[in-house]
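Chains, contacts and geometry: an overview
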Amino acid sequence: MKKIGLLLALFMALISCSNNDSDDKTLSADYFGKWELFMDNKYVETSIKPELFYVFNTDNTFVKTSIQEGVTTTALGTFAVLANEQGRNFTLSYNKYSSIITNCDSSLTENLFLDKSGYLSPILIYCDSFEKYKKAK
């Protein structure tokens, strides 16, 4: 009788588990493409506002581009995405150092957060940064 009970419990556990692949596919498609800077407090005081944007590709590569005073700087790398209750965390790994990497140290990584409102922001715990990016249309 115990074996039947265990088999029944195992069967019920297998049936009750679901796979949310459809949710992941829908959400993952939302972040591919171009994301443009639309708010950053460190440039508010100046009349020169740089154009800054990310492009996320479907092969998990990205390009970050800054255009300031006619000078274009790009940085390339790969990214990984981790979903949680608050949104999605992006870990960007750059191929080489660039001055446009947004972090508090000189590492080749950058961490971003895509919130449920649809804005992409750097995760900077100890730095003063209020950058926000929105998806380009």
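Computed from a prediction, not measured in an experiment: that's the story for all the values here.

All right, on to the nonpolar core then. Ranked by internal contacts, the top residues of the largest apolar core, which has 18 residues, are W35, Y54, F56, F79, F90, L92 and L120. Breaking this core down by element, the ones donating at least two residues are β2 (51–56), β4 (71–83), β5 (87–94) and β6 (109–115). Once you skip the residues sitting within four places of it in the chain, F79 turns out to touch Y31, F32, F56, N57, N60, T61, F62, F90, T91 and L92.

Let us look at the pattern of salt bridges. For the structure on display, the rule yields two salt bridges. Between K34 and E36 there is a salt bridge, with the nearest N and O atoms lying 3.7 Å from each other. K64 is paired through a salt bridge with E110; the nearest N and O atoms lie 3.3 Å apart. Placement of the pair is K64 in strand β3 (residues 61–68) and E110 in strand β6, with a sequence separation of 46 residues. A relative accessible area of 0% places E110 in the buried class.

Next up on the list: the pairing of β2. As paired strands, strand β1 (residues 33–39) and β2 are joined by four bridges and run antiparallel to one another. The partner of G33 across the bridge, within β2, is F56. Note that β2 and β3 share six bridges and pair antiparallel. What sits directly across from E51, in β3, is I67.

Here we take up the environment of Y97. By secondary structure assignment, the location of Y97 is in the loop between β5 and β6. For the pair formed by Y97 and T109, sequence separation is 12 residues and the distance between their alpha carbons is 9.3 Å. Excluding its chain neighbours within four sequence positions, the residues that come into contact with Y97 are S106 and L108.

Let's shift gears to the confidence of the model for the protein chain. Across the protein chain, pLDDT averages 77, with 67% of residues at or above 70. Long-range and interchain partners of residues 5–28, a stretch whose pLDDT sits below 50, account for three contacts in this model, where long-range means more than four residues apart.

Basis of the calculations
Residues numbered from 1 in each chain as written. Predicted model: local features only at pLDDT ≥ 70, side-chain atom pairs only at ≥ 80, totals over all residues. Heavy atoms only, no water. Core = buried A, V, L, I, M, F, W, Y, C linked by side-chain atoms within 4.5 Å. Buried < 20%, exposed > 50% of the residue type's maximum accessible area, 1.4 Å probe, protein only. Helix = DSSP H or I, 4+ residues; strand = E, 2+ residues; numbered from the N terminus. Contact = heavy atoms within 4.5 Å. Salt bridge = Lys/Arg side-chain N within 4 Å of Asp/Glu carboxyl O. Pairing = 2+ DSSP bridges. pLDDT = per-residue confidence, 0-100.

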